[in-house]
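# Reading the structure
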Amino acid sequence: GFGCAHKATSYQPSSGNAGGALTNLAGSETGSFELVDHGLVPMVLIPSLALADRYRFLLSWADPLWKPTKDQAVAALAMVPSLLVTNRPEAVAVVSKSNARYLSRLRDGFTNEVCQVVGVTIDREKGIWLNFLPNNDSFSENWRTRFVQVYDGGPRYWSVVYLPSRGEFTSLQIDKGF
């Protein structure tokens, strides 16, 4: 289980780039981030212990956290392009009408992104949260060593949860900006 204590989050104002707030969550000494080289987009696995105690309140929707294997993370990431095609059945069930207009932009920019992977639990089912950030952006420059959640940064920042037991996606979140 996870401890009940949690510490305050450090919210850093943007430098004017996107006008939003950045939550930059450092990994703890109890877990190290693991870079996964697989060719699709750069990806890092974030161990649950690096987030669980310190930032539990930000991820309360995903409790308990766990660390997927490299193979699980690569398999989840490989399914993302099919989600970004609007007429595919797997996309229709997950993509709201308000998010559908962003799919072509996400698809076009997909290879210029980096991905942070966190094992989450939704309604007692294990999922793999894929947190996408633009590569070479000031908000995401430390993505290999820090969990990054951007608010009001625009649709270049998005995430989705893959449910491996079903082979389906859920919880597509696209930052709309301000």
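Here the structure is a predicted model, which means the values were calculated and not measured. (Residues numbered from 1 in each chain as written. Predicted model: local features only at pLDDT ≥ 70, side-chain atom pairs only at ≥ 80, totals over all residues. Heavy atoms only, no water.)

## Re unusual backbone geometry
Spelled out, the test is: Strands here mean DSSP runs of E at least two residues long; helices mean DSSP runs of H or I at least four residues long; both are numbered from the N terminus. Summary of the burial criterion: residues with accessible area below 20% of their type's maximum are buried, those above 50% are exposed, and those between are partly exposed, where the area comes from a 1.4 Å probe applied to protein chains only.
A cis amide bond links Asp63 to the next residue, Pro64, at an omega of 0°. With respect to the helices and strands, Pro64 occurs in the loop between helix H1 (48-51) and helix H2 (70-83). Positive phi, close to 50°, is recorded for Asp123, a residue that is not glycine. Position of Asp123 among the secondary structure elements: in the loop between strand S5 (113-122) and strand S6 (125-134). By relative accessible area, Asp123 is classed as exposed at 76%. Phi at Ser171 is positive, roughly 60°, even though this residue is not glycine. Along the chain, the position of Ser171 falls in strand S9 (residues 168-174).

## Overview of the sheet that holds strand S8 (residues 158-163)
Definition in use: Two strands are counted as paired when DSSP detects at least two bridges linking them. Fitted lines through C-alpha atoms give the axes, limited to the stretch in contact for helices. The angle between two N-to-C directions lies from 0 to 180 degrees. Contact criterion: two residues are considered in contact whenever any of their non-hydrogen atoms come within 4.5 Å of each other.
Strand order in the open sheet made by the six strands is S3-S4-S5-S6-S8-S9, with mixed pairing throughout. Both edges of this open sheet fall to strand S3 (34-36) and S9, since each of them pairs with a single strand only. With strand direction ignored, the average angle separating the axes of adjacent strands in the sheet is 25°. Relative to S9, S8 runs antiparallel, the two sharing five bridges. Residue pairing across strands places Val161 opposite Thr170, the latter belonging to S9. Against the sheet, H2 touches S3, strand S4 (43-45), S5, S6, S8 and S9, its axis set at about 65° to S6.

## Overview of the environment of Tyr102
Examined against the element boundaries, Tyr102 turns out to sit in the loop between helix H4 (97-100) and helix H5 (103-109). For Tyr102, a relative accessible area of 7% puts it in the buried group. C-alpha separation for the pair Tyr102 and Lys176, spaced 74 residues apart in sequence, amounts to 9.2 Å. The residues touching Tyr102, leaving out its near neighbours within four places in the chain, are Pro155, Ile174 and Lys176.

## Digging into the nonpolar core
Generally speaking, a soluble globular protein has its nonpolar side chains buried in company with each other. Using the following cut-off: By nonpolar core we mean a set of buried residues, namely Ala, Val, Leu, Ile, Met, Phe, Trp, Tyr and Cys, connected to one another through side-chain atoms within 4.5 Å.
By size, the foremost hydrophobic cluster in this structure holds 28 residues, and its most contacted members are Val80, Leu130, Phe132 and Trp158. Every element with two or more residues in this core is listed here: S4, H2, H5, S5, S6, S8 and S9. Ranked by residue count, the leading element in this core is H2, at five residues. Among residues more than four places away in sequence, those in contact with Val80 are Phe110, Leu130, Phe132, Trp158 and Phe169. Counting residues in each nonpolar core, the second largest holds 23 residues, with Leu133, Val150, Tyr157 and Val161 among its members.

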